[in-house]
Amino acid sequence: MFSKSAIAFLGLSCLHGHAASGYLLPTAQRATPRASFIPAAKQPLASSVGPASQACPPTRSRSSTSLAMGFMEEFVANRDAEQLMKSNAAYLSTLQTRVENINGLEATIEELSDDELAAKTVEFRSRIANGEDVNGKLLEEAFAVVREAAWRVLEQRHYDVQLLGGLILHDGRLAEMATGEGKTLVSTLPCYVNALINRGPAMVITVNDYLARRDMEKMGQVHRYLGLTVGLIQAGMKEEERRKAYACDVVYVTNAELGFDYLRDHLALSPAQTVLPPLNAEGKFDGFVVVDEADSVLIDEARTPLIISKQVPAPANKYRAANTLAENLKAGVHYEVDLKNKNIVLNERGYKDCERALGVQSLFEEPSDASGAWAPYIINAVKAKELFNKDIEYTVLPDNAGVGIIDAFTGRVLDGRRWSDGLHQSIEAKEGIEVSEQSKVIAKVTYQSLFRQFARLSGMTGTAMSDAAELEFTYGLRVTPVPTALPIARRDYPDVAFRTRDAANKALVKEVINVGGGTKEGRPCLIGTTSVMQSEAIVSALKEAGIQAELLNALPQNAAREGEIVAQAGRPGVVTVATNMAGRGTDILLGGCPSTMARLKTRAMLFDQGVLSAEEQKFYPPSPKDDYYPCEIDDDAKFMIVGAAASLKKEFGKELTAIKFDELLTVATDTTEGEDDPEYIVKLRDAAQAVKEIFQEKLAPEKEIVKSRGGLYVMGTNRHESSRIDQQLRGRAGRQGDPGTSRFFLSFEDDMFVIFGGDGLKNILQTFRVSDDMPIEAPQVTDALNKVQLAVEEKYRDIRGQIFEFDNVLNEQRKIFYRRRQDVLFSNTEKTLKIMEGYNQQTVMDIVKAQTNEDESVKVEKVIEKIGQFFPAVLPVVIADDMSGMKKDEVVSFLNVAVEEIFNAKVEELEKKAKADGRAPGSLARSANYITLVSMDNAWSDHLQNMENLKENVFLRKYQNLDPADEYKRESLALFEGLLDKMRLNTIYSLWQSLSPVGAPQPTNG
Ligand SMILES: Nc1ncnc2c1ncn2[C@@H]1O[C@H](COP(=O)(O)OP(=O)(O)OP(=O)(O)O)[C@@H](O)[C@H]1O
Ligand SMILES: [Mg+2]
């Protein structure tokens, strides 16, 4: 009943977008055992666990002085890297025993029929229900069952190190496993076990929709085979679909979707609008969570909160005027640019000149038109001019449709994200495009706050050790490196540094040529950059040298083709230029990936056969051109595709959706055959297999060429602000024991060194009097560069620490506020009336208190005036004379009785009326609920703004020798108390306005 008004109130027409069907997949069990499952290849790749140090990147011990926050300092000091490694080794050896136990169960488990294997799920559930410890024998049995199921369904048998990874996740830790070690498969183990506990879903958090869907389609097969339900959340899904998906045993969802669902659930105006499972008694989500690419989500993205806002008109003229003004202001004359802190500071002359130009007394003066003082407009305009560069920090969307933020980590354009506080509009004004509406934040949360609300949190990624202390401190996640299945055969060469960027790029291009990049027999090269602009510069430098490179960066058309580009990035001589995070989660196979290519080819040919409507085909990026594939496919395979297409058309006709089609392709290409597979799957599987074999045959020798030439060559251009990201880039080479190389081509002109390098680096340059094109490869240089990077890492760690400290304050408030909100949202009539009674009494108390003199006597006339405002229906029954001479407490009791009587009479009257009209009871409570929720949301939105203002404000107090964090904590408490009062007063005011005096005719809205 509230949904329409809710949407109007929120102004959020884009909330859940359009529907997409078919995400929720029914539980399916395969009926009969399959015979041919135990080939020789079933041997584990590595049967014992090597020394823990094998896969661990060295952890840097930190100088505690550089950590600004005392508590974290202590924490780090107590837990230095060496100790961490030691305790890890001991921990891993205890897990190793469990791995052996799991291996020991294999012989019995593999004897089970498919039905018997699936029946294990029922058995485990009942054993758990009967009180058996999940972490005992059952855990090992369950792991053995999942391993067998994965083997039967996907023909992938968890390696021992994968079991180890699974146990680590189940323990609520962060498993560090290198690229290509098969983390996706690892997550099936703890998810299965935790889903059995029946306390909320097991969630796999991935970084984008594509990976969520890919992993659900493939890994979901294993869970479903074992009788679990599997759900998937994708952007644009409707509430109904989301709710169903979250109700499944295992759910695949992105961090952003989960975060926004969390926020939207707390803006819901009726229980029917919520989608997430309810919180437990401790106010936590009971489910189990594995965060994939955990370092990216939990550290790199921790700085950016998720925000839901509503649009209010922006004063475009003011933004444009500020922009013109900013264009005329000069750095060093009117303002200073602080690159380190990404800030600009207007100086006195700046203020004065602006005031003169605008003809105002002060830039801080509030004008009468409510558009706000000039100062933030001008500061944002100067920020837009100095700190925000087109195609680095942002891009102008096609047709000047707005400004899109480029994610510094992924290089992707962040769909729909906007800078807040007028900055976005200032950039639009700078670009001369239409100034969009301004947003007012109505809900926000950081990943730090979100993920700490899960009772059982775990994570996995290729790179986490260098931030182990932070992960443990913030999330309670102990980082545990898992040895690789095979020894790492990658060689990491020392960095080379040049005086200029240009020289570094030239050297890089030369190196690409040296190793045969761009030729049919050469090494594949992956070049990592830290910005879109840089990646484009490299691509054009390569082009000048006659080398065609693939670009994997922020442009939307590239993002959609990621899998396709990565699938051939390991072929001989292929050169790929990527922004740093692009392509995480999709691994580069030496010689190329025949399965992905076969999938793409099969898909394209099925499209040619018209299996999918043109409308649904738009869901995909254009199919690759013919020269993308290693070779033509033969007539037999073509014939099989035509057959498969006919069979699909017969089964689905025009009904086939893109989602369903993808799912069918996954079943056909990634799973083993089942006896009851329908004909269209059998045909599709055979056809895709035929295409794959053709490609495989062609690619096998290419793989050998690449291997013999040394594998993938990863080249870095810049050091990233976090060495972890550099490590991630290096890790793209040398997966699963492959050969590979990595090297960074740096320059002293790189932003990081220019901004943070200081005199140390300048001195080094003086010492090494080298020409521009001479590489400096001395250890002192690498040391100096390392130091700069370390300093930058510390700086950002401190910033995150500070955000964490500040955010914690808001987080505690959010928890209290949200819990109250949920109480109201899910309350029944009786409870709501109870809450309202409490509100009534508190309000009476407030009114009287405000009008009480020092001697406890009360200003009765004033009290009556206020009662008239807040409780108009009560006014006729309170007479000033009745209260004369009463002290405060007596007045309060007197008024409470009056208010309660009228309120109860009102409730009764409405109930009677509802009954007579044949309407549902509880109408007053329903109205009260609605009014309370809306008041709460309005008050919370204002509170978020106030807290933001407070944050700005307390930072200035540093100059008065006050501690900003302390100041923030102290004042935010007052703000929060004010918020709760405001919300209650608004509720009571609105509710009583709708209650006319008893006996008067009622509005009939119920
Ligand atoms: N036990 C296994 N048996 C056979 N193949 C496996 C096994 N485990 C994983 N793989 C394969 O290894 C490849 C890499 O797996 P996956 O993408 O899960 O790695 P990852 O650790 O997540 O890497 P990244 O860090 O790039 O995300 C996939 O093609 C997967 O199918
Ligand atoms: Mg992965």
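Before reading further, recall that the structure is shown in the block above.
Within each chain, residues carry numbers counting from 1 in the order of the written sequence. Chain letters and ligand numbers both follow the written order, the letters beginning at A and the numbers at 1. For a predicted model such as this one, the threshold for reporting local features is a pLDDT of at least 70, and the threshold for listing and counting side-chain atom pairs is 80 or more; totals across whole chains, interfaces and linings nevertheless cover every residue. The side-chain quantities take in all heavy atoms of the structure and omit both hydrogens and water.

Asks: Could you give an account of the overall build of the protein chain, with specific residues and numbers?
Replies: A run of DSSP states H or I qualifies as a helix once it reaches four residues; a run of E qualifies as a strand once it reaches two. Both are numbered from the N-terminal end. Per the secondary structure count, the protein chain includes 37 helices and 21 strands. Taking the contacts inside the protein chain whose residues are at least 6 apart along the sequence as the reference set, 77% of them involve residues at least 24 apart. Exposure was quantified through the Shrake-Rupley algorithm and a 1.4 Å probe, taking into account, for residues, occlusion by the shown protein chains and nothing else. Counting only carbon and sulfur atoms, one obtains 52% of the accessible surface of the protein chain, whose full area is about 42,800 Å². Should any heavy atoms of two residues lie within 4.5 Å, those residues are counted as being in contact.

Asks: Tell me about the environment of lysine 238, and name the residues and values.
Replies: Inspection of the secondary structure assignment puts lysine 238 in the loop between β3 (230-232) and α10 (239-246). When accessible area is computed with a 1.4 Å probe and restricted to protein chains, residues below 20% of their type maximum are described as buried, those above 50% as exposed, and intermediate ones as partly exposed. Overall, lysine 238 belongs to the partly exposed group, its relative accessible area being 44%. Taking the C-alpha atoms as reference points, lysine 238 and valine 275, separated by 37 residues in sequence, lie 9.8 Å from one another.

Asks: Describe the sheet that holds strand β14 (residues 479-481), with residues and values.
Replies: Spatial ordering of the open sheet is given by β3-β4-β2-β5-β13-β1-β14, a layout of seven strands whose pairing is parallel. Both outer strands of the open sheet, β3 and β14, are each paired with one neighbouring strand and no more. Pairs of neighbouring strands in the sheet enclose a mean axial angle of 20 degrees, with direction left out of account. DSSP-based pairing: two strands are paired if at least 2 bridges between them are found. Strand direction decides the pairing type here: β3 and strand β4 (residues 250-254), joined by three bridges, are parallel. Its bridge partner being in β4, leucine 232 is matched across the sheet by tyrosine 252. Angles shown run from 0 to 180 degrees and are taken between the N-to-C directions of axes, each axis being a line fitted to C-alpha atoms and, for helices, limited to the stretch in contact. Here helix α9 (residues 209-225) sits on the sheet and contacts β2 (202-206), β3, β4 and β5 (285-292); the angle it forms with β4, its principal contact strand, is near 170 degrees.

Asks: Describe in detail the site of ligand 1, supporting the description with residues and values.
Replies: Taken together, 18 residues sit near ligand 1, with Gln156, Arg157, Gly180, Lys183 and Thr184 positioned nearest. Polar contact is defined as a pair of N or O atoms within 3.5 Å, subject to the rule that within protein one atom must be able to donate a hydrogen and the other to accept it, and that residues adjacent in sequence are counted only when both atoms are side-chain atoms. Glutamine 162 is positioned with one of its side-chain polar atoms (N or O) 2.9 Å from a nitrogen atom of ligand 1. A distance of 2.9 Å separates an oxygen atom of ligand 1 from a polar backbone atom of glycine 180. Here ligand 1 loses 83% of its free accessible area of 640 Å² to cover by the protein chains. Each residue is assigned to one class: nonpolar for Ala, Val, Leu, Ile, Met, Phe, Trp, Tyr, Cys and Pro, charged for Asp, Glu, Lys and Arg, and polar for all the others, Gly among them. Looking at the shell around ligand 1 residue by residue, the classes come out as three nonpolar, eight polar and seven charged. Summary of the distance rule: residues count as near a molecule or strand when at least one heavy atom falls within 4 Å of that molecule or strand.

Asks: Describe unusual backbone geometry, naming the residues involved and giving the relevant values.
Replies: Unusually for a residue other than glycine, asparagine 400 sits at a positive phi of about 50 degrees. With respect to the helices and strands, the residue asparagine 400 is situated in the loop between β9 (394-396) and β10 (403-406).

Asks: Outline the pattern of salt bridges, listing residues and values.
Replies: The working definition used for a salt bridge is a side-chain nitrogen of Lys or Arg within 4 Å of a carboxyl oxygen of Asp or Glu. All told, the structure shown has 62 salt bridges when counted by the stated rule. The network of salt bridges with common partners includes Asp295, Asp300, Asp467, Glu470, Arg724, Glu794, Arg797 and Arg800.

Asks: I'd love a proper account of the packing of aromatic side chains, names of residues and values included.
Replies: Between 30 and 60 degrees the pair is tilted, below 30 it is stacked and above 60 it is edge-to-face, where a pair is any two Phe, Tyr or Trp rings, Trp via its six-membered ring, whose centres lie within 6.5 Å. Overall, the coordinates contain 24 aromatic pairs when judged by the stated rule. Note on tyrosine 319 and tyrosine 377: the rings are 4.9 Å apart at their centroids and 65 degrees apart in plane angle, and the pair reads as edge-to-face. Taken together, the residues span a long stretch of sequence, with tyrosine 319 in helix α13 (residues 316-328) and tyrosine 377 in helix α15 (residues 375-387) at a distance of 58 residues. Take tyrosine 319: its relative accessible area is 3%, and that puts it in the buried class. Here a set of aromatic residues connected by ring pairs shows up, and it is made of Tyr262, Phe285, Tyr447, Phe451, Phe454, Phe817, Tyr818 and Trp940. As a reminder, the over-ring test applies to NZ of lysine and CZ of arginine, requiring each to be within 6 Å of the ring centre and within 35 degrees of the ring normal. Of note, lysine 318 hangs over the ring of tryptophan 374, and the distance from its end group to the ring centre comes to 4.8 Å. A cation over an aromatic ring shows up here: lysine 342 above the ring of phenylalanine 388, its NZ or CZ 4.7 Å from the ring centre.

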